[in-house]
Amino acid sequence: MKTTGTPKFIRGMRDTYFDSLFPFFQKDKNLIMVSADNGAPSLDQFVQTLPGQFFNVGIAEASAVGMAAGLAFEGKKSFAYAIAPFISSRVYEQVKLDVCAMNLPVTLLGVGAGYAYDIMGPSHHTTEDISIMRALPHLEVYSPADPVCSSALAQLSVEAKGPQYIRFDRAGIGELYTQATVNDFRAGLSLLKQGKDISILSTGVMVHQALAAAEELEKKGISAAVIDLYRIKPLNVELLLSYCTETKAMVTVEEHLLAGGVGGLIAETFSDEGISMPLLRLGQNDQFVFDYGGREVIWEKTGLDTVSLTQTITNWTENKFAPVRRNNLR
Amino acid sequence: MEKRTDNTFPSFDDLAAKAQWVRNQVLNMATFANSGHVSTAFSQTEVLVALYYGKLLNYNSKEPKWDGRDRFILSKGQGGIGLYPILADVGYFPKTELDSFAGRGNILGVHAEWNIPGIEIITGSLGHGLPMAVGMAQAAKNDGKNHLVFCMLGDAELYEGSNWEAAIMASHLELDNLICIIDRNGQGVMGFTDKINGPNDGPRLNPLDEKFKAFGFDTYVINGHDFSEIFNTFSKVRNRTVKKPMMVIANTEKGHGSDLIANQRMWHYRVPKGEELNQVRDQILAQMACTGKDSGQGTFTLGKKE
C-alpha cells in the first residue's frame, strides 16, 4: 500500500486565536467559552484544564447563544463558538435580542467563512453573514485574513465591553503579517500594498486573492493598492478614505453575496461621504452554490479566481471604469 | 397546606383582591393603549401575585439590580402588561406610569423590556427566556451565589424548540437553582394546545409533566389560581435537596376572572371594548368586592397584615 507522509498541520486562524485567548482564560475565571459541539485542537486546553469555564451545549446554537448571553448578563465575558453559518444566520434572533439589544459582552466565534467548507454545500457556506451581522446595532464584526491578525483579535475580544462576531477561515491560510502586535490591529484595516491607479479592498481569504490579482495587474501596467478590511464594523472611514482617495477607482472583492456585503458597505460609505469614485463590486451574485471539486472550482464559477479577477479588473480599468452590467445581480 | 394565619403575610383574601386589582389595571392599560395581551395577563396573575407579595421571591424594588435578588425572567414577554401593575405597586416605578401604558414618553412597552425597572431581559419573541436563564443560573453556580433564577414561560411558548435545547442543558448541569413555571392556560394564539377541535388546535403538548420529568426536571403540577397550592409548592424552592431544575406547571385559564374571555378563542391580543369591557370589568370589580378586603387600590402593605 502506498502511504503518504504525515500531513503537515497548518495552524489555522481559529487556532492562533484560541492559543492567544487561553492565557487570558487562565488568569480570569469570568471568561467562559460555550461551544455548540464544535472543537478545535487548540480548544482542548480549555476543555481539559479550566473547569467551569468551558461548556458544550451540544449541537444547539440557540441554547449556546442564549446561555452565553445569560452568563454575560451576570457579569461574565462569554464566547459562543460554532460553525459560522450556525452562529450567524441560524441564531440570528438570539444574536439580535439576547446579545446585541442588551449590548452584552458576548463574542461570537464562527469558523468557516465564505466558501471555506467548499464541498459541503449551502448549508455550510457562509456568504450572507457580513450583511446580516453588520446590520445589528452594537455588534463589532471582524473578518481576519491570516493567523497573525486572528491571534491579535483574542486580546481585543477580552477587552471588548459589548458584542462581537469574528468570522474565521479554516486552517491552511498563509500569513500576511509578520511581527505585528495587537495595537497594529486596532485600526480596522491596513494597506498591504501601495498602488497608484486603483484600490482593491477585500476581507478574509479573498485578501490573498486580491494580492495575487494585484501582482498580475502590475504586469499589465495597472498599479493596484490592496487594503485588508479585517474589521467590517465599525468601519474606520477616515483611514479608508485616506488610502483609497489616492487612487482613481475602487474594487471590492469578497467571498460573499453582493447584497449588503463589503462592496455594499463601501457603496454606502461613498454615498454618505460624497465620494464619487467609480466602484466595482466583485463577489457572489444572487445565487446559492452547488458546485463540488473544491474552493477553486467555486471561485472559477464565481469569477473570484486570480485569472478572472485580473481580467475583470483589467477590462473595467481599460473601459475607463464604465458600469459593468451583470446578470442575476439583484 | 393550611391557610396562613400569621400576621407577616397578606391573607389569601388579600392576595385574591390584589389579583383582581391587577386584572383591573390590565384592563385600564389595554384600553388606554388599545393594545396588550389581556387574556394571558389574566391567566398568570395569581402566581405573580403570590411570588411578589407572598415573600416567595427575593427582590428590592428600591435597588432593582441588587446582586442578591432572585432573577425573575418573564419569558412570555406578552405578559408584561400583567406584571407592570405589580412592579409599580411594590415600588419599582411610580404607578402613574400605568396610566399612559405604551404611550409617548411612557417607560412600559407591550412586551417586557430590559430597561424597565424590575424586568431583567428583553422578551416578546418566545423561546429566549429559558436559554438565558440557564446561563444566569450557571453563573450563580460558578460564583457560589445563593439566589434563584425564576423563569415563567407560556405553555404555547413551548412550541419554540430553543426551550427544549435549554431544558436538556439545564438538566445536564443540575441547575437546582433554576425554578421554571409554565403558565399552562392551554391556549396559543389561534387555538387550544390539547383540546383538539380543528386545525387551529394543537399540536398537543400533553403529557407535559411527563415530558419535563423525562427531561430531568423536578416537576410539579398545581392549580395556578389557587393560592394554597401555589404557596405549598413555591415554599419549597429554597430547601430542595434534589439536584434538578424545578418545573411548576401551573394549570390556569386564559382570561381567568372573566366569563366572557376565559377559555374562549381569539382573545389572545384582543382588547375588550364597549359593552364587552363593561362586562369584564364589572365581573372583576365584583370579585374584588367579594373578598371583603382590599378596596382595589392596592393598599395593603407587603409583609404586614392590616
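Only a predicted model underlies this, so the values are computations on that prediction, with no experimental measurement involved.

Reading guide: rules and limits
Residues numbered from 1 in each chain as written. Chains lettered and ligands numbered in written order. Predicted model: local features only at pLDDT ≥ 70, side-chain atom pairs only at ≥ 80, totals over all residues. Heavy atoms only, no water. Phe/Tyr/Trp six-rings, centres within 6.5 Å; stacked < 30°, edge-to-face > 60°. Buried < 20%, exposed > 50% of the residue type's maximum accessible area, 1.4 Å probe, protein only. Salt bridge = Lys/Arg side-chain N within 4 Å of Asp/Glu carboxyl O. Helix = DSSP H or I, 4+ residues; strand = E, 2+ residues; numbered from the N terminus. Contact = heavy atoms within 4.5 Å. Buried area = accessible area lost by both parts, 1.4 Å probe. Polar contact = N/O pair within 3.5 Å; in protein donor to acceptor, adjacent residues only side chain to side chain. pLDDT = per-residue confidence, 0-100. Pairing = 2+ DSSP bridges. Right-handed = clockwise from strand over helix to strand, strands pointing away. Axes fitted to C-alpha atoms, helices over the stretch in contact; angles between N-to-C directions. Expected span 1.5 Å × (residues − 1). Core = buried A, V, L, I, M, F, W, Y, C linked by side-chain atoms within 4.5 Å.

Caption draft 1: View of the packing of aromatic side chains. Per the counting criterion, the structure on display carries 19 aromatic pairs over all chains. Taking the centre distance of 4.9 Å and the plane angle of 85° together, the rings of Tyr177(A) and Phe185(A) count as edge-to-face. Comparing Tyr177(A) with Phe185(A) shows no difference in burial state: the two are buried. Both rings, one in Phe212(B) and one in Phe217(B), keep their centres 5.5 Å apart while their planes meet at 75°; by these two values the pair is edge-to-face. Here Phe212(B) and Phe217(B) have matching classes, each one buried. Following the ring pairs from residue to residue traces out a cluster consisting of Tyr17(A), Phe18(A), Phe22(A), Phe25(A), Phe46(A), Phe79(A), Tyr81(A) and Phe168(A).

Caption draft 2: Geometry of the pattern of salt bridges. Residue and element names in this part refer to chain A. In this structure the tally under the stated criterion is 31 salt bridges over all chains. Where Arg 167 meets Asp 129, a salt bridge forms, and the shortest distance between an N and an O atom there is 2.7 Å. Of this pair, Arg 167 sits in strand 6 (residues 164-168) while Asp 129 sits in helix 6 (residues 129-133), and the two are 38 residues apart along the sequence. Given a relative accessible area of 0%, Asp 129 falls into the buried group.

Caption draft 3: Fine view of the interface of chain A and chain B. Every contact between the two is made by 25 residues of chain A and, on the other side, 23 residues of chain B. Surface buried jointly by chain A and chain B totals about 2,000 Å² across both partners, of which 64% is contributed by carbon and sulfur atoms. The three residues of chain A that bury the most area against chain B are Phe73(A), Glu74(A) and Met102(A), which together make up 30% of that side's buried surface. Viewed at the interface, chain B and chain A are joined by two salt bridges. A salt bridge links Glu74(A) to Arg71(B); the nearest nitrogen and oxygen atoms lie 2.7 Å apart. At the junction of chain A and chain B, the tally comes to nine residue pairs in polar contact (both at pLDDT 80 or more). Elements with a minimum of two residues in the side of chain A that touches chain B: strand 2 (54-56), helix 3 (61-73) and helix 5 (92-100) of chain A. Here the side of chain A that touches chain B gets nine residues from one element, more than from any other, and that element is helix 3 of chain A.

Caption draft 4: Highlighting the confidence of the model for chain B. Residue and element names in this part refer to chain B. Of the residues in chain B, 92% have a pLDDT of 70 or more, and the chain-wide mean is 92. Under a pLDDT of 50 for its full length, residues 1-6 has, in the predicted model, nine contacts with residues more than four places off or in other chains. Counted against residues more than four places away or in other chains, residues 294-306, with its pLDDT under 50, gives 38 contacts. Across the interfaces of the predicted complex, the ipTM metric reaches 0.94, alongside a pTM of 0.94.

Caption draft 5: Here's a closer look at the environment of Glu296(A). Residue and element names in this part refer to chain A. Take Glu 296: it is sitting in helix 11 (residues 295-302). Its relative accessible area of 57% is what places Glu 296 among the exposed residues. Between the C-alpha atom of Glu 296 and that of Tyr 177, which follows or precedes it by 119 residues, the distance is 24 Å.

Caption draft 6: Structural context of the pairing of strand 1 (residues 31-35) of chain A. All names here are of chain A. Burial analysis of strand 1 places five of its five residues in the buried class, the great majority of the element. Residues of strand 1 alternate between two faces, with Leu 31, Met 33 and Ser 35 on one and Ile 32 and Val 34 on the opposite face, all of them buried. Pairing between strand 1 and strand 3 (residues 77-83): five bridges, direction parallel. Bridge pairing links Leu 31 to Lys 77 in strand 3. Two elements, strand 1 and strand 2, share three bridges in a ladder whose sense is parallel. Bridge pairing links Met 33 to Phe 54 in strand 2. Where the polypeptide runs from strand 1 across helix 2 (residues 44-49) and back to strand 2, its parallel neighbour, the crossover connection is right-handed.

Caption draft 7: Structural context of the sheet that holds strand 9 (residues 224-229) of chain A. Residue and element names in this part refer to chain A. The sheet built from five strands is open, its strands ordered 7-9-8-11-12 with mixed pairing. Of all the strands in the sheet, just strand 7 (189-193) and strand 12 (279-284) have a single pairing partner and so form its edges. The mean inter-strand angle of the sheet, taken between neighbouring strand axes irrespective of direction, is 25°. Pairing of strand 7 with strand 9, which is carried by four bridges, proceeds in the antiparallel orientation. The residue bridging Leu 191 from the neighbouring strand is Ile 227, located in strand 9. Across the face of the sheet, helix 12 (residues 306-318) comes into contact with strand 8 (198-202), strand 11 (249-257) and strand 12 while running at roughly 155° to strand 12.

Caption draft 8: Region of the structure containing helix 5 (residues 129-143) of chain B. Residue and element names in this part refer to chain B. Over its 15 residues, helix 5 runs 21 Å from end to end, which matches the ideal 21 Å to within 8%, given 1.5 Å per residue. Counting buried residues in helix 5 gives twelve out of 15 residues, a clear majority hidden from the surface. All of the buried residues along helix 5 are Gly 129, Leu 130, Pro 131, Met 132, Ala 133, Val 134, Gly 135, Met 136, Ala 137, Gln 138, Ala 139 and Ala 140. Directly beyond the C-terminal end of helix 5, a positive phi value near 65° is found at Gly 144.

Caption draft 9: Examining the nonpolar core more closely. By size, the foremost hydrophobic cluster in this structure holds 79 residues, and its most contacted members are Val95(A), Leu108(A), Leu139(A), Leu240(A), Val134(B) and Leu178(B). For this core, the element with the highest residue contribution is helix 3 of chain A, accounting for nine residues. Not counting the four nearest positions on each side in its chain, Leu178(B) is found in contact with Leu130(B), Ala133(B), Val134(B), Ala137(B), Val149(B), Ala170(B), Arg240(B), Pro245(B) and Met246(B). Of all hydrophobic cores here, the second largest spans 61 residues; its members include Ile81(B), Ile86(B), Ile181(B) and Phe231(B).

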